[in-house]
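# What the coordinates show
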Amino acid sequence: MTSENLELMQRHRCFGGQVEFYRHWSSTCNTTMRFSIFRPPQAERGKVPVLYWLSGLTCTEENFMVKASAQRYAAAHGILLVVPDTSPRGLNLPGEDDDYDFGSGAGFYLNATQSPWSAHYRMYDYVVEELPGVIADAFPADTRRAGVFGHSMGGHGALIVALRNPDRYRSVSALAPICAPSLVPWGKKAFSAYLGREESAWREYDAHHLVQSTASRLPMLVDQGTADQYISEQLMPWELERTCREVGYPLTLRLQAGYDHSYYFVDTFMRDHVAYHASALGAGAASWVVD
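None of the values given here were measured: they were computed from a predicted structure.

## With respect to the state of the cysteines
Tallying each qualifying case throughout the model produces zero disulfides. Cysteine Cys179 shares no disulfide, and the gap to the nearest cysteine sulfur, in Cys244, comes to 8.7 Å. What makes Cys179 buried here is its relative accessible area of 1%. According to the relative accessible area criterion, Cys244 is buried, its value standing at 3%.

## Quick word on the packing of helix α2 (residues 70–77) against helix α9 (residues 263–281)
In helix packing, the relevant descriptors are the interaxial angle and the interaxial distance, both defined with respect to the helix axes. Running from N to C, α2 and α9 point in directions that differ by 30°, and their axes come no closer than 9 Å. Between α2 and α9, the angle is such that the two are roughly parallel. Judged by the twist between their axes, the crossing of α2 over α9 is right-handed. In this structure, α2 contributes Ala70, Tyr73, Ala74 and His77 to the contact, and α9 contributes Met270, Arg271, Val274, Ala275 and Ala278. Along the lines of polarity and charge, the residues of the contact of α2 with α9 split into seven nonpolar, one polar and one charged.

## So, the nonpolar core
Side chains of nonpolar character tend, in soluble globular proteins, to be buried together. The biggest cluster of nonpolar side chains holds 95 residues, and the ones touching the most others in it are Phe64, Phe108, Ile135, Tyr194 and Met270. Per-element accounting of this core gives the leading share, eight residues, to helix α3 (residues 123–138).

## A short note on the side chain of Thr60
Structurally, Thr60 can be placed in the loop between β4 (48–54) and α1 (63–67). For Thr60, the residues in contact, after removing those within four places along its chain, are Arg34, Ser55, Asp85 and Arg89.

## Here's the deal with the layout of surface pockets
In this approach, a probe sized like a water molecule rolls over the atoms, and the result shows the empty space that is left. Its boundaries defined by the atoms lining it, the largest pocket holds a volume of some 280 Å³. Grouping the amino acids of the lining of the largest pocket by side-chain chemistry returns six nonpolar, eight polar and two charged.

## As for the environment of Arg164
Looking at where Arg164 falls in the secondary structure, it is placed in helix α4 (residues 153–164). Note: C-alpha distance between Arg164 and Arg144 (20 residues apart in sequence) is 17 Å. Within polar-contact distance, the side chain of Arg164 engages the side chain of Tyr124 at 3.4 Å.

## A look at helix α8 (residues 237–247)
Where α8 is concerned, the buried positions are Pro237, Glu239, Leu240, Thr243 and Cys244. Considered in projection along α8, the buried side chains sweep an arc of 160° and stay on one side of the axis. Along α8, the residues that are exposed and aim more than 90 degrees away from the buried face are Arg245 and Glu246. In this structure, the buried side of α8 is in contact with α4, α6 (207–213), β8 (220–225), α7 (231–235) and β9 (251–256). In the stretch just after α8, Gly248 is the one whose phi turns positive, near 75°.

## A few points about the pattern of salt bridges
All chains considered together, the criterion is met by 18 salt bridges. Between Asp142 and Arg145 there is a salt bridge whose closest N-O contact spans 2.9 Å. The class for Arg145 is buried, based on a relative accessible area of 18%. Members of the salt-bridge network, linked through shared partners, are Arg34, Glu61, Asp85 and Arg89.

## With respect to α9
A maximum bend of about 50° is found in α9 at Phe269. Within the span of α9, buried status applies to Tyr263, Phe265, Val266, Phe269, Met270, His273, Val274, His277, Ala278 and Leu281. Backbone nitrogen of Tyr264 and a side-chain oxygen of the N-cap are separated by 3.2 Å at the start of α9; the cap is Ser262. At the exit of α9 stands Gly282, carrying a positive phi of roughly 65°.

## A look at the packing of aromatic side chains
In this structure the tally under the stated criterion is 18 aromatic pairs. Here the aromatic rings of Trp53 and Phe149 are separated by 4.7 Å at their centres, their planes lie at 85°, and the arrangement is edge-to-face. Here the residue Trp53 occupies a position in strand β4, and Phe149 occupies one in strand β6 (residues 141–151), the gap between them amounting to 96 residues. A relative accessible area of 0% means that Trp53 is categorised as buried. By way of ring pairs, the aromatic residues Phe102, Trp117, Tyr121 and Tyr194 are connected into one cluster. A cation sits over an aromatic face here: Arg164 above Tyr124, 4.2 Å from the ring centre.

Cut-offs and rules
Residues numbered from 1 in each chain as written. Predicted model: local features only at pLDDT ≥ 70, side-chain atom pairs only at ≥ 80, totals over all residues. Heavy atoms only, no water. Disulfide = S-S within 2.5 Å. Buried < 20%, exposed > 50% of the residue type's maximum accessible area, 1.4 Å probe, protein only. Axes fitted to C-alpha atoms, helices over the stretch in contact; angles between N-to-C directions. Helix = DSSP H or I, 4+ residues; strand = E, 2+ residues; numbered from the N terminus. Parallel < 35°, antiparallel > 145°, perpendicular 65-115°, else oblique. Left-handed = near helix turned anticlockwise from the far one by under 90°. Contact = heavy atoms within 4.5 Å. Nonpolar A, V, L, I, M, F, W, Y, C, P; charged D, E, K, R; others polar. Core = buried A, V, L, I, M, F, W, Y, C linked by side-chain atoms within 4.5 Å. 1 Å grid on protein atoms, 1.4 Å probe; cavity = no way out; pocket = protein on both sides within 12 Å on 5 of 7 lines; lining within 4 Å. Points joined across faces, edges and corners; volume = space filled by probe spheres on them. Polar contact = N/O pair within 3.5 Å; in protein donor to acceptor, adjacent residues only side chain to side chain. Arc of directions from axis to C-beta. Salt bridge = Lys/Arg side-chain N within 4 Å of Asp/Glu carboxyl O. Bend = angle between axes of the 7 residues up to and from the residue. Phe/Tyr/Trp six-rings, centres within 6.5 Å; stacked < 30°, edge-to-face > 60°. Lys NZ or Arg CZ within 6 Å of the ring centre and 35° of its normal.

Written out as structure tokens, the structure reads:
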């Protein structure tokens, strides 16, 4: 894993730091992948904790940087933000661009096992292995202090990568995550095509199953809007809550009255989530001085 083929696409001054957009050849996905970072002002003096954001369906590496107001809070605490794209793109695979909830923009943070997806759609390994290697090699990140969070499909991704790799992350949180993808239309559609029809293979990418088998007790924070149009059919937070309660897994589920699934919801609670991770990562106390 190397940073030698990194290509800087954009750079913007932001809250005393820099928002930067990159592309690089991914040996994991066997194609060019994109990601963005926010480099806080504290990174000019040395390594800082790193916090990975995993985005939801249809998003790219740009949505979060533009909509979530996270740079303000990351600058305050001295945290490097990293945002990968949500899938490989432009591969001309059959059906790749037909639906918003499958293919492009819908990698579901898993390693596909079914052809033709298995040759490129390996977002789990990309997020857990390859991208952190690039970040460690090219940026002032203290990779021993890493957290992960996300929204919707990305909330699902954050929960599963943390549950499966408790040694890699010190903190995990999610906003409106797909909590039980094996039970809902979004998950069933993606899992059956990427992983095959055998549902036992789906469990390793399903948070409400993983909490039953992991020895980890890394606390999880989940925010869910009560006016979310997808809460009943696609997200099912009560399935995660029920399973966590049964096995004694430390989950804090906050139901936020009147909030929907949009980035207005994400933006509203971003300060809470960055502060939550900052505490777990041993980041600096918040300082609101911006040059």
